[in-house]
Amino acid sequence: MRTKIVAGNWKMNNDLAETQTLIEQLIQQGDFSNKRVMIAPTAVHLSAAKSALSASKIEVVAQNMHQAEAGAYTGEISGKMLKGIDVNTVILGHSERRAYFGETDAILEEKVAAALKQDIEVIFCFGEELEDRKAGNHFEVVASQIKNALFALDAAALKHIILAYEPVWAIGTGETASPEQAQEMHAFIRNLLAEKYGEATAQATSILYGGSVKPNNAQEIFSKADVDGGLIGGASLKAEDFFAIVKSL
Ligand code: 13P
């Protein structure tokens, strides 16, 4: 059975006090079983979040990392640095990184390899823009994003990858993909994995949906056969909403 996952991507939100308050509120929401729950605060607060959650099952993940092991890359963070504070999962390929920070498929391929080398699990994000979907190119775009960044990996390495389909037109817009659109794309992705890696690997890979997931639509999206959880932006900034989504899975 595939692992069910809800991850909150806090993006560039919350100062330290807000981070601590939100974490306390998350802890108060209570326990959960049979799924993984993660939060991704800004890198500046990863250590504080790790300490605050040391007795909790909620995992702390990073939003990004650099592809080099070390060196003259002012302002960047390496996989080794993440590993050094016991952060074992990183989000890579988010559409905001692709759009605003020039992250290409080729860079992402390097970042994924660098993370895996440090034994860091990857939540790999991808998704089409509105014009791709309007033009009917969405399957092609998603397939090329996945193939270009991941298909050099072997099946053993792919076990350390969680996929996150985030259609760009649904991120922060309030417009979510319909449960049918999500399922259609997730089934397509699983089939792509099956063709490359075989059915067993495809069936074992968790594929999350992200893009305007809220307490009132999470259950329907999560009910779809190939949707294994969610990557949550805005709604992860409120403990009650985030846990309502966690409970929907
Ligand atoms: P929203 O849930 O705010 O649409 O953001 C989704 C996202 O980008 C998660 O990584």
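See the structure printed just above.
The rules behind the values
- Residues numbered from 1 in each chain as written.
- Predicted model: local features only at pLDDT ≥ 70, side-chain atom pairs only at ≥ 80, totals over all residues.
- Heavy atoms only, no water.
- Helix = DSSP H or I, 4+ residues; strand = E, 2+ residues; numbered from the N terminus.
- Rg over C-alpha atoms; globule rule 2.2 N^0.38 Å.
- Contact = heavy atoms within 4.5 Å.
- Axes fitted to C-alpha atoms, helices over the stretch in contact; angles between N-to-C directions.
- Parallel < 35°, antiparallel > 145°, perpendicular 65-115°, else oblique.
- Left-handed = near helix turned anticlockwise from the far one by under 90°.
- Nonpolar A, V, L, I, M, F, W, Y, C, P; charged D, E, K, R; others polar.
- Buried < 20%, exposed > 50% of the residue type's maximum accessible area, 1.4 Å probe, protein only.
- Pairing = 2+ DSSP bridges.
- 1 Å grid on protein atoms, 1.4 Å probe; cavity = no way out; pocket = protein on both sides within 12 Å on 5 of 7 lines; lining within 4 Å.
- Points joined across faces, edges and corners; volume = space filled by probe spheres on them.
- Lys, Arg positive; Asp, Glu negative; His and termini not counted.
- Salt bridge = Lys/Arg side-chain N within 4 Å of Asp/Glu carboxyl O.
- Phe/Tyr/Trp six-rings, centres within 6.5 Å; stacked < 30°, edge-to-face > 60°.
- Lys NZ or Arg CZ within 6 Å of the ring centre and 35° of its normal.
- Polar contact = N/O pair within 3.5 Å; in protein donor to acceptor, adjacent residues only side chain to side chain.

1. Quick notes on the overall build of the chain
Counting its secondary structure elements, the chain contains 12 helices and 8 strands. Relative to a compact globule of 249 residues, whose C-alpha radius of gyration would be 18 Å, the chain shows 17 Å and is just as compact. C-alpha extents for the chain along the principal axes are approximately 45 × 45 × 35 Å. When contacts within the chain are restricted to residue pairs at least 6 apart in sequence, those whose partners lie at least 24 apart make up 72%.

2. Focus: the packing of helix α5 (residues 105–117) against helix α7 (residues 138–150)
For the pair α5 and α7, the least separation of the axes is 7 Å and the interaxial angle reads 45 degrees. The orientation of α5 relative to α7 falls into the category oblique. Relative to α7, the crossing made by α5 is right-handed. Where α5 abuts α7, its residues Asp 105, Leu 108, Glu 109 and Val 112 lie against Ser 144, Gln 145, Asn 148, Ala 149 and Leu 150. Split by residue class, the contact of α5 with α7 holds 4 nonpolar, 3 polar and 2 charged.

3. Looking at the pairing of strand β4 (residues 89–92)
With burial as the criterion, each face of β4 is covered, one bearing Thr 89 and Ile 91 and the other bearing Val 90 and Leu 92. Where β4 lies against strand β5 (residues 121–126), 4 bridges are found, and the strand directions are parallel. Counted as the bridge partner of Thr 89 is Glu 121 from β5.

4. Brief notes about the sheet that holds strand β3 (residues 59–60)
Strand order in the open sheet formed by 8 strands is β3-β2-β1-β8-β7-β6-β5-β4, and the pairing between neighbours is parallel. The strands lining the two open edges of the sheet, one partner per strand, are β3 and β4. Bridging between strand β1 (residues 5–9) and strand β2 (residues 36–40) involves 5 bridges; their strand directions are parallel. Considered in β2, the bridge of Asn 9 is made with Ala 40. Strand contacts of helix α12 (residues 239–248): β1, β2 and β8 (229–232), with the helix running at about 160 degrees to β1, the strand carrying the most contacts.

5. A short note on the layout of surface pockets
Here the largest pocket is characterised by a volume of approximately 560 Å³. Taken together, 21 residues line the largest pocket, and the ones lying closest to its centre are Met 12, Gln 63, Asn 64, Arg 97 and Phe 101. The element best represented in the lining of the largest pocket is helix α4 (residues 95–100), accounting for 3 residues. The residue makeup of the lining of the largest pocket, split by class, is 11 nonpolar, 6 polar and 4 charged.

6. Let's talk about the side chain of Asp 132
Residue position: Asp 132 is located in helix α6 (residues 130–134). The buried charged residue Asp 132 lacks any salt bridge partner; its closest oppositely charged side chain belongs to Arg 133, at an N-O distance of 8.8 Å. Residues within four places of Asp 132 in sequence aside, it is in contact with Asn 137, His 138 and Val 141.

7. A few points about the packing of aromatic side chains
Under the counting rule described, the total for this entry stands at 7 aromatic pairs. Seen in terms of ring centroids, Phe 139 and Phe 188 are 4.9 Å apart; in terms of plane orientation they differ by 50 degrees. Their pairing is tilted. Residue Phe 139 is located in helix α7, and its partner Phe 188 is located in helix α9 (residues 179–197); the two are separated by 49 residues in the primary sequence. The partly exposed category is assigned to Phe 139, whose relative accessible area is 24%. Aromatic pair Phe 242 and Phe 243: ring centres 6.2 Å apart, planes at 75 degrees, arrangement edge-to-face. Summarising the burial analysis for this pair, Phe 242 and Phe 243 share the class buried. Counting every residue linked through ring pairs, the aromatic cluster contains Phe 124, Phe 126, Tyr 165 and Tyr 209. A cation over an aromatic ring shows up here: Arg 97 above the ring of Phe 101, its NZ or CZ 4.1 Å from the ring centre. Above the ring of Tyr 197, the side-chain terminus of Lys 196 is found at 5.8 Å from the ring centroid.

8. Observations concerning the side chain of Asp 226
Looking at where Asp 226 falls in the secondary structure, it is placed in the loop between α11 (218–222) and β8. Look at Asp 226 and you get buried, because its relative accessible area is 13%. Within polar-contact distance, the side chain of Asp 226 engages the side chain of Gln 183 at 2.8 Å. Only 2.5 Å separates the side chain of Asp 226 from the side chain of Arg 190, close enough to count as a polar contact. Beyond its immediate stretch of four places on either side in the chain, Asp 226 contacts Arg 2, Gln 183, His 186, Ala 187, Arg 190 and Ile 207.

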